[in-house]
Amino acid sequence: MNLNELENEKTKIKLAGEEVEVKTSDSVKDTLTRLLKEKGIDSFTILVDGEEVTSTDDLPATFDGHDIEVERYVKAG
(Lines give C-alpha, C1' and ligand atoms only; values in the text may rest on other atoms or scores of the structure.)
Protein backbone atom coordinates (compact mmCIF):
# COMPACT_ATOMS: atom_id res chain seq x y z
CA MET A 1 0.00 0.00 0.00
CA ASN A 2 1.29 3.46 -0.79
CA LEU A 3 0.50 6.92 0.57
CA ASN A 4 -1.95 7.71 -2.24
CA GLU A 5 -4.00 4.62 -1.38
CA LEU A 6 -4.22 5.71 2.26
CA GLU A 7 -5.26 9.25 1.33
CA ASN A 8 -7.98 7.97 -1.01
CA GLU A 9 -9.37 5.31 1.34
CA LYS A 10 -13.12 5.71 1.79
CA THR A 11 -15.74 4.82 4.34
CA LYS A 12 -19.48 5.26 4.60
CA ILE A 13 -21.43 7.34 7.09
CA LYS A 14 -25.18 7.53 7.61
CA LEU A 15 -26.72 10.91 6.98
CA ALA A 16 -30.47 11.14 7.67
CA GLY A 17 -30.92 7.45 6.83
CA GLU A 18 -28.85 7.61 3.64
CA GLU A 19 -25.38 6.11 3.25
CA VAL A 20 -22.81 8.65 2.06
CA GLU A 21 -19.25 7.81 1.03
CA VAL A 22 -16.48 10.01 2.45
CA LYS A 23 -12.70 9.85 2.50
CA THR A 24 -11.36 8.52 5.80
CA SER A 25 -8.80 11.35 5.87
CA ASP A 26 -11.38 14.15 5.45
CA SER A 27 -12.25 16.57 8.26
CA VAL A 28 -15.40 15.38 10.04
CA LYS A 29 -16.54 18.88 11.01
CA ASP A 30 -16.00 20.45 7.58
CA THR A 31 -17.50 17.52 5.68
CA LEU A 32 -20.60 17.25 7.87
CA THR A 33 -21.13 21.01 7.69
CA ARG A 34 -21.01 20.89 3.89
CA LEU A 35 -23.25 17.82 3.56
CA LEU A 36 -25.86 19.13 6.00
CA LYS A 37 -26.04 22.47 4.18
CA GLU A 38 -26.40 20.68 0.83
CA LYS A 39 -29.31 18.64 2.18
CA GLY A 40 -30.93 21.60 3.94
CA ILE A 41 -30.75 19.94 7.34
CA ASP A 42 -30.37 22.41 10.19
CA SER A 43 -31.52 20.33 13.19
CA PHE A 44 -29.70 17.06 13.77
CA THR A 45 -28.07 14.68 16.23
CA ILE A 46 -24.56 13.33 15.63
CA LEU A 47 -23.56 9.89 16.87
CA VAL A 48 -19.89 8.89 16.92
CA ASP A 49 -19.23 5.25 17.72
CA GLY A 50 -22.75 4.99 19.15
CA GLU A 51 -22.43 7.98 21.50
CA GLU A 52 -24.19 11.31 21.01
CA VAL A 53 -21.85 14.26 20.45
CA THR A 54 -23.19 17.55 21.80
CA SER A 55 -20.29 19.83 20.84
CA THR A 56 -18.33 20.11 17.60
CA ASP A 57 -15.20 20.26 19.78
CA ASP A 58 -15.84 16.60 20.64
CA LEU A 59 -15.90 15.41 17.02
CA PRO A 60 -12.95 13.32 15.83
CA ALA A 61 -10.60 15.10 13.43
CA THR A 62 -11.14 12.58 10.61
CA PHE A 63 -13.52 9.74 9.75
CA ASP A 64 -10.77 7.13 10.04
CA GLY A 65 -11.79 4.36 12.45
CA HIS A 66 -15.09 5.92 13.51
CA ASP A 67 -18.71 4.94 12.96
CA ILE A 68 -20.53 8.22 12.32
CA GLU A 69 -24.26 8.70 11.93
CA VAL A 70 -26.24 11.92 11.63
CA GLU A 71 -29.93 11.75 12.40
CA ARG A 72 -32.37 14.46 11.42
CA TYR A 73 -33.92 16.04 14.52
CA VAL A 74 -37.61 16.79 14.23
CA LYS A 75 -39.37 18.58 17.04
CA ALA A 76 -42.69 17.00 17.98
CA GLY A 77 -45.83 19.07 17.72
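Further up the page is the structure itself.
Computed from a predicted structure; not experimentally measured. Along each chain, residue indices are assigned from 1 in the same order as the chain's sequence is written. Per-residue local features are limited, in this predicted model, to residues with pLDDT of at least 70; the limit for side-chain atom pairs, both in listing and counting, is 80 or more; totals at the level of whole chains, interfaces and linings are taken over all residues. Only hydrogens and water are set aside when side-chain values are computed; all heavy atoms of the structure are taken into account.

## Some details on the nonpolar core
What counts here: In this description, a nonpolar core means a group of buried Ala, Val, Leu, Ile, Met, Phe, Trp, Tyr and Cys residues linked to one another through side-chain atoms lying within 4.5 Å. Relative accessible area decides the class of each residue, using a 1.4 Å probe on protein chains only: under 20% of the type maximum gives buried, over 50% gives exposed, and in between gives partly exposed. We count a stretch as a helix when DSSP gives it H or I for four or more residues in a row; a strand needs E for two or more, and each element gets its number in order from the N terminus. Any two residues having at least one pair of non-hydrogen atoms within 4.5 Å are treated as being in contact.
Counting 16 residues, the largest nonpolar core has I13, L32 and I68 as its most contacted members. Looking at this core, the elements with two or more residues in it are β1 (10-15), β2 (18-23), α2 (28-39), β3 (44-48) and β5 (68-72). Among the elements that line this core, the one with the most residues is α2, at four residues. Beyond its immediate stretch of four places on either side in the chain, I68 contacts I13, K14, V28, L32, L47, V48, P60 and F63.

## Regarding the layout of surface pockets
Basically, it comes down to this: Only protein atoms enter the 1 Å grid used here. Points where a 1.4 Å probe fits but cannot escape make up a cavity, open sets with protein on both sides within 12 Å along at least five of seven lines make up a pocket, and a residue lines them when an atom lies within 4 Å of a point. Grid points are joined across faces, edges and corners, and a volume is the space filled by probe spheres set on the points. Each residue gets one label: Ala, Val, Leu, Ile, Met, Phe, Trp, Tyr, Cys and Pro are nonpolar, Asp, Glu, Lys and Arg are charged, and the others, such as Gly, are polar.
Roughly 230 Å³ of internal volume is contained in the largest pocket. What lines the largest pocket is a set of 13 residues, among which F44, I46, V53, T54 and T56 lie closest to the centre. Looking at the lining of the largest pocket, the element that brings in the most residues is α2, giving four residues. Residues belonging to the lining of the largest pocket are distributed by class as follows: six nonpolar, five polar and two charged.

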